[in-house]
Amino acid sequence: MAAALPSLRTRVTVHVRLERWPLTQRATLDPQRGAADAEAAYKPRLARQTRLHHDASPHDPTDGTSIPWLGFGSGTAHYLKDASGTLSTALALGVRHLDTAQVYGNEASLAPALAASRLPRAALHIGVERVGLFLVRSPHLYGGVDGLREVWREAEEVQREGLARSIGVSNFTVQDFEALGPTARVVPAVNQIEYHPYLFTANVETLAYMKARNSIPVSYGGLAPLTQAELKDGPVDPVLAAAAARLSTVAGKPVSKGQVLHLWLRARGMGAITTSTQEERIREYVEMETLPDLTEDELRAIDEAGAQRHHSVYGQFLTPEFLKEFVASQPQ
Ligand SMILES: NC(=O)c1ccc[n+]([C@@H]2O[C@H](COP(=O)([O-])OP(=O)(O)OC[C@H]3O[C@@H](n4cnc5c(N)ncnc54)[C@H](OP(=O)(O)O)[C@@H]3O)[C@@H](O)[C@H]2O)c1
């Protein structure tokens, strides 16, 4: 039997993130159950997802593995709610990268969704006792540089013991990567950050730093121009609408502004963690991979329109002060 993930006060993605809270919930899966049948049934979708990832990111992560481009989150819209039904739908529609965290209060939703999918463990890039990707969620949760370095050492141990295929970070800037530098043996394979047209200019330096180290950037909050009331009719909106209209004609089917945003993320080399409560929307996310690329002019127009505003949806929740209060309010 595999050893369990340790009680790190950090965050786990199934491609999973490590949190600062102890990992107490465990789920039991039988990876052998129906494996051969399920693998045969899901092969076409897996092939599409894998190809999508390689197209999107020519760089392997620092540890030589690869991750599916599209990830489906159990946070935000599903925070503190049972997400098993939606996660089952996402798996059935071809998603192979699930993103969860202890703090979402619904990790237990994963086990029934995974069991119902009847997918073989190897196909999922996920696990429960062993995970595809283990992320340190924030540089500000561990009481300064020494604490952060200690947590990264623990994450390295998690990988060395085979409990996580890859280890990475979230919400890191260049300064945070540098803080790890002197003692880190492993370069974070991934940095998960808020990224969309109204925030990309703030991340230029971080992405250049990561690219030089072959560390993969993955976005969350990528649909902010559509989901945030104050951004909805912003400068990016008409540009997305024009691109969606052109692509609808080319593809011969309706293309949404959300799909255009995901095409922009993919073209910029960013993986995408998104989520939804609606089957139609999940279908739309997955079908994005069948669409043609945006043109260079369209990509530039989105950049230029986005650069006219600066907006972070999650920045206020990521400050050391906010996180300190939040951690203190969590049950131990
Ligand atoms: N590492 C971190 O610190 C961190 C922080 C935040 C999030 N995350 C992860 O990222 C995941 C996704 O975050 P997110 O929710 O901010 O991602 P997002 O992709 O920006 O937004 C997804 C949400 O947008 C809504 N949506 C999609 N298209 C829309 C449209 N055209 N108009 C209006 N609403 C639309 C969906 O609602 P419907 O349900 O109606 O489809 C869904 O709830 C989270 O679940 C979590 O796993 C990580």
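All residue numbers refer to position in the chain's written sequence, counted from 1. It should be noted that, the model being predicted, local features are given only for residues of pLDDT at least 70 and side-chain atom pairs only at 80 or more, the latter also being counted only at that level, while totals for whole chains, interfaces and linings use all residues.

1. Brief notes about the overall build of the protein chain
The helix count covers DSSP runs of H or I at least four residues long, the strand count covers runs of E at least two residues long, and both are numbered beginning at the N terminus. When you go through the protein chain residue by residue, the secondary structure sums to 13 helices and 8 strands. Put simply, a residue is buried when 20 or more other C-beta atoms lie within 10 Å of its own C-beta and exposed when 12 or fewer do; between those, it is partly exposed, and each C-beta is set from the backbone. Each of the 332 residues in the protein chain was classed as buried or not, and the buried ones make up 44%.

2. Remarks on the environment of Gln159
Within the secondary structure, Gln159 is located in helix α5 (residues 145-160). According to the C-beta neighbour criterion, Gln159 is partly exposed, with 18 such atoms within 10 Å. Put simply, Gln159 and Val186 are 27 residues apart on the chain and 9.6 Å apart in space, counted from C-alpha to C-alpha. Residues are treated as contacting if the C-beta atoms built from their backbones sit within 7 Å of each other. Apart from residues no more than four positions distant in its own chain, Gln159 is found in contact with Ala164, Ile167 and Val186.

3. Points about the site of the ligand
Around the ligand sit 26 residues, and of these Gly73, Gly75, Thr76, Thr274 and Ser276 come closest. Mapped by element, the contributors of at least two residues to the shell around the ligand are α8 (224-227) and β8 (271-274). Of the residues forming the shell around the ligand, the biggest block, 3 residues, is contributed by α8. Ten residues, namely Ala, Val, Leu, Ile, Met, Phe, Trp, Tyr, Cys and Pro, are considered nonpolar, four, namely Asp, Glu, Lys and Arg, are considered charged, and the remaining ones, Gly among them, are considered polar. When its residues are assigned to classes, the shell around the ligand shows 7 nonpolar, 16 polar and 3 charged. Here, nearness means that the C-beta atom of a residue, built from backbone geometry, sits within 6 Å of the molecule or strand in question.

4. Notes on unusual backbone geometry
For Leu80, which is not glycine, the phi torsion reads 60° and is therefore positive. Within the secondary structure, Leu80 is located in the loop between β2 (70-73) and α2 (84-92). Overall, the presence of 10 C-beta atoms within 10 Å leaves Leu80 in the exposed class. For Asn171, which is not a glycine, the phi torsion comes out positive at approximately 60°. Residue placement: Asn171 occurs in the loop between β5 (164-170) and α6 (174-180).

5. Section: the packing of α2 against helix α3 (residues 110-117)
At a minimum axis separation of 8 Å, α2 and α3 run at an interaxial angle of 35°. The two elements α2 and α3 cross, and the hand of that crossing is right-handed. Residues Ser84, Leu87, Ser88, Leu91 and Ala92 of α2 lie in contact with α3, whose contacting residues are Leu110, Pro112, Ala113, Ala116 and Ser117. For the contact of α2 with α3, the per-class residue count stands at 7 nonpolar, 3 polar and no charged. Axes here mean lines fitted to C-alpha atoms, for a helix over just the part in contact, with angles spanning 0 to 180 degrees between N-to-C directions. The sense of a crossing depends on the near helix, which, turned anticlockwise from the far helix by less than a right angle, makes the crossing left-handed and, turned clockwise, makes it right-handed.

6. Notes on the packing of helix α9 (residues 236-251) against helix α12 (residues 296-306)
With their axes 8 Å apart at the nearest point, α9 and α12 run at an angle of 165° to one another. With respect to each other, α9 and α12 are oriented roughly antiparallel. Relative to α12, the crossing made by α9 is left-handed. Residue-level inspection shows Val236, Val239 and Ala243 of α9 in contact with α12, the latter providing Glu298, Ala301, Ile302, Ala305 and Gly306. Partitioning the contact of α9 with α12 into residue classes produces 6 nonpolar, 1 polar and 1 charged. Orientation labels follow simple angle bins: below 35 degrees gives roughly parallel, above 145 gives roughly antiparallel, 65 to 115 gives roughly perpendicular, and whatever is left gives oblique.

7. Side note on the pairing of strand β6 (residues 190-194)
Counting buried residues in β6 gives 5 out of 5 residues, a clear majority hidden from the surface. Here a strand pair is declared whenever DSSP counts at least two bridges between the two strands. Two elements, β5 and β6, share 2 bridges in a ladder whose sense is parallel. Bridge pairing in β6 links Ser170 to Gln192. In terms of strand pairing, β6 meets strand β7 (residues 216-220) through 5 bridges, oriented parallel. By the bridge assignment for β7, Gln192 is matched with Val218. Seen with its strands pointing away from the viewer, a crossover is right-handed if its path from the first strand over the helix to the second goes clockwise. Crossover connection from β6 via helix α7 (residues 204-212) to parallel β7: handedness right-handed.

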